[in-house]
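For reference, the chains in residue letters:
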Amino acid sequence: MNFEGLDPGLAEYAPAMHSALDPVLDAHLNPSLLQNVELDPEGVALEALPVQESVHIMEGVYSELHSVVAEVGVPVSVSHFDLHEEMLWVGSHGGHATSFFGPALERYSSFQVNGSDDIRQIQSLENGILFLTKNNLKYMARGGLIIFDYLLEESEDMHSLLLTDSSTLLVGGLQNHILEIDLNTVQETQKYAVETPGVTIMRQTNRFFFCGHTSGKVSLRDLRTFKVEHEFDAFSGSLSDFDVHGNLLAACGFSSRLTGLACDRFLKVYDLRMMRAITPLQVHVDPAFLRFIPTYTSRLAIISQSGQCQFCEPTGLANPADIFHVNPVGPLLMTFDVSASKQALAFGDSEGCVHLWTDSPEPSFNPYSRETEFALPCLVDSLPPLDWSQDLLPLSLIPVPLTTDTLLSDWPAANSAPAPRRAPPVDAEILRTMKKVGFIGYAPNPRTRLRNQIPYRLKESDSEFDSFSQVTESPIGREEEPHLHMVSKKYRKVTIKYSKLGLEDFDFKHYNKTLFAGLEPHIPNAYCNCMIQVLYFLEPVRCLIQNHLCQKEFCLACELGFLFHMLDLSRGDPCQGSNFLRAFRTIPEASALGLILADSDEASGKGNLARLIQRWNRFILTQLHQDMQELEVPQAYRGAGGSFCSSGDSVIGQLFSCEMENCSLCRCGSETVRASSTLLFTLSYPEGSTSDKTGKSCDFAQVLKRSICLEQNTQAWCDNCEKYQPTIQTRNIRHLPDILVINCEVNSLKEADFWRMQAEVAFKMAIKKHGGEISKNKEFALADWKELGSPEGMLMCSSIEELKNVWLPFSIRMKMTKNKGLDVCNWTDGDEIQLSSLGTPSQWGPARAEEEHGVYVYDLMATVVHILDSRTGGSLVAHIKVGETYHQRKEGVTHQQWYLFNDFLIEPIDKHEAVQFDMNWKVPAILYYVKRNLNSKYNLNIKNPIEASVLLAEASLARKQRKTHTTFIPLMLNEMPQVGDLVGLDAEFVTLNEEEAELRSDGTKSTIKPSQMSVARITCVRGQGPNEGIPFIDDYISTQEQVVDYLTQYSGIKPGDLDAKISSKHLTTLKSTYLKLRFLIDIGVKFVGHGLQKDFRVINLMVPKDQVLDTVYLFHMPRKRMISLRFLAWYFLDLKIQGETHDSIEDARTALQLYRKYLELSKNGTEPESFHKVLKGLYEKGRKMDWKVPEPEGQTSPKNAAVFSSVLAL
């Protein structure tokens, strides 16, 4: 039907206005219709009852038989008699469908078809019902299950559909084409162009397709080619309705008048044999609908919007005596349909009522209807309860199937005999070095196993396992033989073993017994986790980065500050850098440098991780320097002059930048000097050192000095000679950085051999200092061990193993000379700075010497190493010296300790392990040296840069977003949240990458990599005050990454909702919404929601546990299943939510109501016993109903729970 020219008041109808109507009786509504009808708080009738009075029906004359309420106050948009069963289908302007069975109009099913658009046409098929909305075609079973959901283009505006055969459908609307859709494949098979756009009505005979246009024309088209054969220009204004029967076509519509469109009381009748109009038929009502009702004659039924109905012959004269009146509850009739048997007429009005008129007391809708299938009650066998405290209770009370197989209880006694475990054999090294005194043997500890640990072996072959063979590791490599592998367990690549519960049952505490936070490795490009930890444990970097905040959407400094804040809050739980890595992937420079790895390359280890992390190290320092140049935190540096830095510098530049002087000397004598700065240095190794087999000693300090003050011969342009000349380029240092960053550049066998050779030379020299030449294979006696570990020994080592593979010093001393030179030497804590030449007493110490004479001592703070592992492709780990301030915050103690950071594995280690590099599997990549007393130079106070203004109103990124589409009201200044305020929260997500899983040989599924989710919508609603339940945040998050699945059924997010070009939603950036949530967390509000743990995880937020009120756990019994929000809302609140899709506003409000209900039932937590009984009843009810909310509207919740007062419509 075309709605142009109808009552203008209907144009102002908005479905959302009815969601919060109070359940009051309309003044026009007949009270008899609503006797015993329960109205829910949303204003929808839960069940419709027939008229109570008996109605006398005269045979052959149409009279009203029944009237029912489909939805109170929501206009009926379409009605349709089922062609296969005795049912009447009704669709509403709110997108809700309801079916009624039989002439008594008993409610059969009721479900939501579309959340926002009205239902425009209904077509019944053998297996289900087709529903057409504005740009959506949905095929659903008669009970409400979705068979398919076909989403049309956003620009489509469909009004009509026509079933041409059992599997082909035509769909038309206000556009200039008609779509042909195959119902078997659910695909568009043809698109027919329409010369006259606006096809709102379609009919079919054995000769033509008939298309009614909004312009008032009716076109006749060929059944095979769909070409126009004839065209009738019926009305000058618009077409309202038409019908075809035999050789006649009758149409009604609107004609153009001076004042606009007016309903034409002349019906246009056309003879299809001669293709011309015959005498128009004048009627006595304003025709809005018409249908042929061919019983004995070809009668026409003409219906007006006001409820007048007239029957007449199309070729005769209309008689005023043939008019009868339908008494609509609302002012207008909105729809009309005739059953296939012509015995029943259905009318729907603007107040949601349906009127059934029949010509017999017991009409049938179809000549041959099949039997309708009704839902059967759930039949559960009642088993007698068993009292386990009764020893003599016969277990045969529980019937079991008869079987001839062996029962588990028939386990053979031979297999049940206890078998004591044999003692493990003594280590051969202990037996070899043992010295016996009497019957007691003494031997040095070979340190091949952890102290006080005995391995638990199931097989004899396990006796050769290494020292970490009994530590549970990640699933990678569990089936291989660890004793053939040289990499220690704690250095191997760790992965998360996913179960059907995801991460909830994975024991992270097994890998991290500290209170520091690890980082999860399953996110793309998470190879940089170790470097993120290094930057975090630099106290000035941690504080200054968290003080930074700018307006840039993808700012790495901002995202790194957010991640550091999460690491601060965590108490041993792992964090994930998903938002930081998301911003990292959007930076063009990172992609140009090859820092963005494909998932396949990262999983297989094809990329050279050592080179990759060194490039990443240079990139991140440069990017942070650029990001923080634009916005500086005032008074961040307390230098001698009181000023922070130059206008072009940043805090990153102040910490890492080193001022250099580059000098180029041509052989002609001309010299060119340029000033520059660098954020890190790359080691430059001596030429030909690896070919020298004599083992020439070369201190690390010498190599470092050579790398900083680099001198090389190269061809360069000389302005004096005006040509390229051999020049000597030297680099001198002007100013030393506070943090010295070194890329080791061990990228080939040549550099690895250099490290290996220098470590061997250093080991021999250490043995010589001990007191003599010791060959490589010489064995140590017990006396040697005692002397080596004694206080008199110069090495002060507890094991000779600590001397192996060590070349790197823990401290270095650097001094600026007067002639712009640089002195670098290794430094040990036992040394004293020789200051006699400076005329300074040595007892003043290094700190005073640094201030007065430019002598700087740098301590090793972190080493990043590349683990070579052929099984897993290798990995990157970090050794980090965690300072006193971190231990004070996390553990309340003041000490320093070295730790190994291997993603989420964190383990304290001995300091010598941080500088031991076995080049066969452990290769150094990056070194961080920190100037002593660095923290005293900087203001380490963190001032939260996030202000309350982030919660105020902001513009949407969407171009089409209008105020009429706004679903929330931002907070006013007087509504700013306070500590302890409640905020209802819910989030919806989309999938960026599908889950990767494998099928085991036993048929079970193993998750290798979980699906990568991205937050798409975040909603926060007020938890108290006069506007309680009204959202103040409802942001759709714009994404630039490809979405593989919008999860529309569970999220309500549709394609295009996240695209700023076509979205009509309030679209924002992730950073903008993240700041709002961070402010709410920092202010101390309490979040109420359902399943908040996953929401915060995907949003990448760390929320203190005392600020989370999760209804999943409030209504949960230990060792029982988690209960869905939908079931809890039905059971406790008598609400039915999540009908078609999930809506975050609805879910957040429901969670708030459930929390209020929890407080009511538990008396604010003071009566746990009574609440336990409530939970017990909840679980019993859930098991009986299989945890499913009943679909029939007549079945209500077992609880008459109090619900919130209606929230004002926005």
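Residues numbered from 1 in each chain as written. Predicted model: local features only at pLDDT ≥ 70, side-chain atom pairs only at ≥ 80, totals over all residues. Heavy atoms only, no water.

With an unreviewed UniProt entry as reference, the protein chain is termed PAN2-PAN3 deadenylation complex catalytic subunit PAN2, source organism Ursus maritimus. Heading Catalytic activity (unreviewed entry) of the UniProt record for the protein chain holds this comment: "Exonucleolytic cleavage of poly(A) to 5'-AMP." (UniProt positions renumbered as here; feature names shortened; annotations may be inferred.)

Draft legend 1. Focus on the packing of aromatic side chains. Counted by the stated rule, this structure contains 50 aromatic pairs. Between Phe232 and Tyr270 the ring centres are 4.3 Å apart and the planes differ by 10°, which places this aromatic pair in the stacked class. Taken together, the positions of Phe232 in strand E17 (residues 228-233) and Tyr270 in strand E21 (residues 266-271) put the pair 38 residues apart, joining distant regions of the chain. For Tyr270, a relative accessible area of 6% corresponds to the buried category. Consider the rings of Phe336 and Phe347, whose centres lie 5.2 Å apart with planes at 25°: the pair is stacked. With Phe336 in strand E28 (residues 333-338) and Phe347 in strand E29 (residues 344-349), this pair connects stretches of sequence that are 11 residues apart. Judged by relative accessible area, which is 0%, Phe347 ranks as buried. The cationic tip of Lys911 hangs over the ring face of Phe810; the distance from NZ or CZ to the ring centre is 5.1 Å. (Phe/Tyr/Trp six-rings, centres within 6.5 Å; stacked < 30°, edge-to-face > 60°. Helix = DSSP H or I, 4+ residues; strand = E, 2+ residues; numbered from the N terminus. Buried < 20%, exposed > 50% of the residue type's maximum accessible area, 1.4 Å probe, protein only. Lys NZ or Arg CZ within 6 Å of the ring centre and 35° of its normal.)

Draft legend 2. Fine view of empty space enclosed by the protein. In total, this model carries 3 cavities of 30 Å³ or more according to the counting rule given. Of the pockets and cavities examined, the largest cavity occupies roughly 50 Å³. Looking at the lining of the largest cavity, the elements that each hand over two or more residues are helix H5 (578-585) and helix H16 (1070-1083). It is H5 that provides the largest number of residues to the lining of the largest cavity, a total of 3 residues. (1 Å grid on protein atoms, 1.4 Å probe; cavity = no way out; pocket = protein on both sides within 12 Å on 5 of 7 lines; lining within 4 Å. Points joined across faces, edges and corners; volume = space filled by probe spheres on them.)

Draft legend 3. Focus on the sheet that holds strand E36 (residues 711-718). Taking strand neighbours across the sheet as the criterion, the 4 strands line up as E34-E33-E37-E36 in an open arrangement whose pairing is antiparallel. Either end of the sheet is taken by a strand with one partner, and the two such strands are strand E34 (671-678) and E36. This sheet shows a mean twist of 35° between the axes of neighbouring strands, independent of strand direction. When strand E33 (residues 658-666) meets strand E37 (residues 723-735), the two strands line up antiparallel, connected through 8 bridges. Residue pairing in the sheet places Glu661 in a bridge with Asn732 of E37. (Pairing = 2+ DSSP bridges. Axes fitted to C-alpha atoms, helices over the stretch in contact; angles between N-to-C directions.)

Draft legend 4. Main features of the packing of helix H4 (residues 556-569) against H5. As a packed pair, H4 and H5 sit with axes 8 Å apart at the nearest point and diverge in direction by 165°. One way to sum up the angle between H4 and H5 is to call them roughly antiparallel. The two elements H4 and H5 meet at a crossing, and its hand is left-handed. The segment H4 lies against H5, with Leu556, Glu559, Leu560 and Leu563 engaging Asn579, Phe580, Ala583 and Phe584. In the contact of H4 with H5, the residues fall into 6 nonpolar, 1 polar and 1 charged. (Parallel < 35°, antiparallel > 145°, perpendicular 65-115°, else oblique. Left-handed = near helix turned anticlockwise from the far one by under 90°. Contact = heavy atoms within 4.5 Å. Nonpolar A, V, L, I, M, F, W, Y, C, P; charged D, E, K, R; others polar.)

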